[in-house]
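Architecture at a glance
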Amino acid sequence: MFLQDHSRFVFSDLPRPYRGLHLIRDPRDVLISGAHYHGRSGEAWLHVRQARLLGRSYQQAIRGCRSLADAIAFEMRHEGGRTIREMLSWTYSNPLILEVKYEAIAGGEGMKCMADIFSFLGYSQDALPELLAIVRGVSIFRGGADCLGHVRDGRAKQWAQVFDERLKALFIGCFDDALIRLGYEVNHDW
């Protein structure tokens, strides 16, 4: 099993045969999550002073934002933006990789989605009840604990309460039709 939380790996380095799961999240919620997480995390890289941030660390820079909207705008221009560009550059046509949206797992059909994922990855139907019981026990969507302290709020569509016209315009200016290409919107009228 191999986990890469930023999809930075070379397929030719993977042993054959392989099966994989590629999970994406609505980029607007990625930015909100990043703005919160990067402002409180103890990850070492967040505390390294950077010349591009005028000698501040990433965490100091994001904490220095006057509002959540400003922190989200900061994320768009930095780490969150890089994550969105990675989502856009991913090759979505690999039949050995199952493409799943975070919202499918977080929604009401999350356990069915997890069963489909386990089946795709090659687990037997006999193993599914035990695997799904494990998921139920640790899933933040089913009342499980966040064992890594990473999750603040796992709900989907948080962006609807946070994005105003300024953030929307900035997002479209930075990422153009990203939401359309990723299947989250059909036009810019969101």
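Now for a quick tour of the structure. Numbers given for residues are sequential positions, taken from 1 along each chain in its written order. Side-chain atom pairs in this predicted model are given and counted only at pLDDT of 80 or more, local residue features only at pLDDT of at least 70, and totals for whole chains, interfaces and linings cover all residues. Remark: hydrogens and water are excluded; side-chain values derive from all non-hydrogen atoms of the structure.

With respect to the overall build of the chain
Note the threshold: Secondary structure is summarised from DSSP: a helix means a run of H or I of at least four residues, a strand means a run of E of at least two, and numbering begins at the N terminus for each. Put simply, the radius of gyration uses C-alpha atoms, and a globule should come to 2.2 Å times the residue count raised to 0.38. In this scheme, a residue with accessible area under 20% of its type's maximum is buried, one over 50% is exposed, and one in between is partly exposed, where area comes from a 1.4 Å probe on protein chains only. Contacts are assigned to residue pairs with any non-hydrogen atoms lying within 4.5 Å of each other. Only the protein chains shown count as cover for residues, and all accessible areas are computed by the Shrake-Rupley method using a 1.4 Å probe. When charges are counted, neither His nor the chain ends are considered; positive counts come from Lys and Arg and negative counts from Asp and Glu. By convention, the charge on Lys lies at NZ, on Arg at CZ, on Asp at CG and on Glu at CD.
Counting its secondary structure elements, the chain contains 10 helices and 2 strands. Since a compact globule built from 190 residues should have a radius of gyration of about 16 Å, the 18 Å found for the chain is in line with a globular shape. Along the longest, intermediate and shortest principal axes, the C-alpha atoms of the chain span 55 × 40 × 35 Å. Looking at the chain as a whole, 42% of its 190 residues qualify as buried. Relative to all contacts within the chain whose residues are 6 or more apart in sequence, the contacts with residues 24 or more apart total 62%. In the structure as shown, the chain presents an accessible area of about 11100 Å², 56% of it carried by carbon and sulfur atoms. Where the 24 positive side-chain charges of the chain centre and where its 23 negative ones centre are 5 Å apart.

Remarks on helix H7 (residues 128-138)
Counted only if it meets this: Read the arc as the range of directions from the helix axis to the C-beta atoms.
Residues Leu128, Leu131, Leu132 and Val135 constitute the buried set of H7. Along the axis of H7, the buried positions cluster into a sector of 95 degrees, meaning they face one direction only. For H7, the exposed residues set more than 90 degrees away from the buried face come down to Pro129 and Glu130. Taken together, the buried residues of H7 touch helix H6 (110-120).

Observations regarding the side chain of Glu79
Summarising the element assignment, Glu79 is placed in helix H4 (residues 79-89). Setting aside its immediate chain neighbours within four residues, Glu79 contacts His38, Trp45, Arg52 and Tyr58.

Here's the deal with the pattern of salt bridges
Applicable threshold: Between Lys or Arg on one side and Asp or Glu on the other, a salt bridge is scored when a side-chain nitrogen of the former is within 4 Å of a carboxyl oxygen of the latter.
Tallying each qualifying case throughout the model produces 8 salt bridges. A salt bridge links Arg28 to Glu185; the shortest N-O distance between them is 2.9 Å. One end of the pair, Arg28, is in helix H1 (residues 27-40); the other, Glu185, is in the segment after helix H10 (178-181), with 157 residues separating them in the sequence. An identical accessibility class is assigned to Arg28 and Glu185; each is buried. One salt bridge connects Arg166 with Asp70, and the closest N-O pair in it is separated by 3.0 Å. Of this pair, Arg166 sits in helix H9 (residues 165-175) while Asp70 is found in helix H3 (residues 68-77), placing the two residues 96 residues apart along the sequence. The class of Arg166 is partly exposed, set by a relative accessible area of 43%. The class for Asp70 is buried, based on a relative accessible area of 19%.

Some points on the packing of H1 against H3
The condition that has to hold: An axis is simply a line fitted to the C-alpha atoms; with a helix, the fit covers only the stretch in contact. Between two such axes, the angle follows the N-to-C directions and lies from 0 to 180 degrees. An angle below 35 degrees is treated as roughly parallel, one above 145 as roughly antiparallel, one from 65 to 115 as roughly perpendicular, and anything else as oblique. Each residue gets one of three labels, nonpolar for Ala, Val, Leu, Ile, Met, Phe, Trp, Tyr, Cys and Pro, charged for Asp, Glu, Lys and Arg, and polar for the others, Gly among them.
For the pair H1 and H3, interaxial distance at closest approach is 9 Å and the crossing angle is 105 degrees. With respect to H3, the axis of H1 lies roughly perpendicular. Residues Leu31, Ile32, Gly34, Ala35, His36 and His38 of H1 touch H3, and the partners they reach there are Leu68, Ala71, Ile72, Glu75 and Met76. Of the residues assigned to the contact of H1 with H3, the class counts are 7 nonpolar, 3 polar and 1 charged.

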